[in-house]
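Close look at the chain arrangement
Spelled out, the chains give:
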There are 2 protein chains.
Amino acid sequence: MESAVQLFSRSGYDASSVDEICQAAGISKGAFYHHFPSKQQLFLSIIEDWLRGVDAQLFTQPGNGASVPQSLNRMARMLGFVFNAASGQLPMFMEFMVQASRDQAVWDATIAPYRRYQGQFAGLIEQGITEGSIRPEVNPQTVSWVLISLAVGILLQGVIDPEMADWNEVTRSGVQMILDSVQRRET
Amino acid sequence: MESAVQLFSRSGYDASSVDEICQAAGISKGAFYHHFPSKQQLFLSIIEDWLRGVDAQLFTQPGNGASVPQSLNRMARMLGFVFNAASGQLPMFMEFMVQASRDQAVWDATIAPYRRYQGQFAGLIEQGITEGSIRPEVNPQTVSWVLISLAVGILLQGVIDPEMADWNEVTRSGVQMILDSVQRRET
């Protein structure tokens, strides 16, 4: 899987053959097909692994009684951390997107977690409304999509040019701006 | 160029040969190389065309004395319009990104306009500070990157699943949230 990620990142999914992956990994084709029925299945396993890592970093830490705005700010700081640690893997992230736009199985594997994230963020905003930290008239679904869009845009631009902006600062400020707008104002 | 966009969108840049492009366009290879020295040059011309279209839609309309927040809201509505009109071209947009991450010439052609957009949005925020509609303590560079990140994230997700969310509504709300945060509050 590591050899495949390196090859896909450098040459793209389509241009990387099972032969080349086996050669890079130093394994036989028999060993490859023992684990993965096809190159596509290998690709899907890489997506699953990648998403499990994102899940673990973003959603598994307990809230410790933090308010929803505090949790979102913590996540914003962690996105920067995930981003820095995973920056070598990001060309792979774009391969997921390109393949997803062309292939139903990849599409399903990519979209299902997206919808899950969207649901988790929307749930968090609803929790904020319940606890009184977020204004009750905001639409949790829309706020959730705005947060995810911001994160996806920052990740993508980080692939193209990590040095172009301070992406940690953009993440932190962007989330804070959205919170400024949806938080119940102190009176 | 139209035939190439169709082929690149369907099969990807790497998998589409000059032969196939010529066949789809019904032209000879001689005619192709009369206009473009290489497949890469054709690709760069497509990027240029695409970006000229974005420029024309977003930045050329006169402000008509509108305030900066009004202009940004107008742009948000127009991004939705650009997005709907160009949705068939969006797989191409992802090809730009993938190729840019691998190829210096494509990288330059893609990054230069990005930096220009960033400068234009930052200038707009500065103008808002000058006219008094935007709080003087905000950082125009950061706000500009947050706006661009939001737009890029929305465009990318629209490629993957146009039906997943009401992207026009996400765009409009996201820009409004950022404005809520940076606008000078009425007292």
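Relevant structure appears above.
Conventions used here
Residues numbered from 1 in each chain as written. Chains lettered and ligands numbered in written order. Predicted model: local features only at pLDDT ≥ 70, side-chain atom pairs only at ≥ 80, totals over all residues. Heavy atoms only, no water. Helix = DSSP H or I, 4+ residues; strand = E, 2+ residues; numbered from the N terminus. Buried < 20%, exposed > 50% of the residue type's maximum accessible area, 1.4 Å probe, protein only. Contact = heavy atoms within 4.5 Å. Areas by Shrake-Rupley, 256 points an atom, 1.4 Å probe, with all protein chains shown as cover. Lys, Arg positive; Asp, Glu negative; His and termini not counted. Charge placed at Lys NZ, Arg CZ, Asp CG, Glu CD. Core = buried A, V, L, I, M, F, W, Y, C linked by side-chain atoms within 4.5 Å. Least-squares fit on C-alpha atoms with pLDDT ≥ 70 in both. Expected span 1.5 Å × (residues − 1). Polar contact = N/O pair within 3.5 Å; in protein donor to acceptor, adjacent residues only side chain to side chain. Phe/Tyr/Trp six-rings, centres within 6.5 Å; stacked < 30°, edge-to-face > 60°. Lys NZ or Arg CZ within 6 Å of the ring centre and 35° of its normal.

Remarks on the overall build of chain A
Across its full length, chain A carries 9 helices and 0 strands. Counting helices and strands in the order they occur from the N terminus, chain A gives α-α-α-α-α-α-α-α-α. Taking the principal axes of the C-alpha coordinates as reference, chain A spans close to 70 × 30 × 30 Å. Going through the 187 residues of chain A one by one, you find that 53% of them count as buried. Residue pairs at least 24 apart in sequence account for 65% of intrachain contacts in chain A once pairs closer than 6 positions are excluded. Of the roughly 8700 Å² of accessible surface on chain A, a fraction of 50% belongs to carbon and sulfur atoms. With 13 positive and 19 negative side-chain charges, chain A shows a spacing of 4 Å between the two charge centroids.

Overview of the nonpolar core
Grouped together as the largest cluster of nonpolar side chains are 122 residues, with contacts concentrated most on A:Phe8, A:Leu72 and B:Leu72. Those residues in contact with A:Phe8, other than ones at most four positions away along the chain, are A:Tyr13, A:Ser16, A:Ile21, A:Lys39, A:Leu42, A:Phe43, A:Ile46, A:Met92, A:Glu95 and B:Arg102.

Overview of the relation of the copies chain A and chain B
Copy one and copy two of the chain differ by a rotation about a common axis and a shift along it. Aligned on chain B, chain A shows an RMSD of 0.0 Å; the corresponding rotation is 180° and the shift along the axis is 0.0 Å. What the superposition gives is, in effect, a two-fold axis relating one chain to the other. Among all residues of chain A, the one whose C-alpha sits closest to the rotation axis is A:Gly153, at a distance of 1.8 Å.

What about helix α8 (residues 140-160) of chain A?
Residues and elements named next belong to chain A. In this model α8 runs 31 Å from its N-terminal to its C-terminal C-alpha over 21 residues, within 8% of the 30 Å that 1.5 Å per residue would give. Across the 21 residues that make up α8, a large majority, 20, are buried. Put simply, Asn139 is the residue that caps the front of α8, since its side-chain oxygen is 2.9 Å from the backbone nitrogen of Gln141.

What about the packing of aromatic side chains?
Residues and elements named next belong to chain A. Per the counting criterion, the structure on display carries 12 aromatic pairs over all chains. An aromatic cluster is defined as three or more aromatic residues linked by ring pairs; in this entry it consists of Phe8, Tyr13 and Phe43. Directly above the aromatic system of Tyr13 lies the positively charged group of Lys39, at a separation of 4.3 Å from the ring centroid. Just above the ring of Tyr117 sits the side chain of Arg116; from NZ or CZ to the centre is 5.7 Å.

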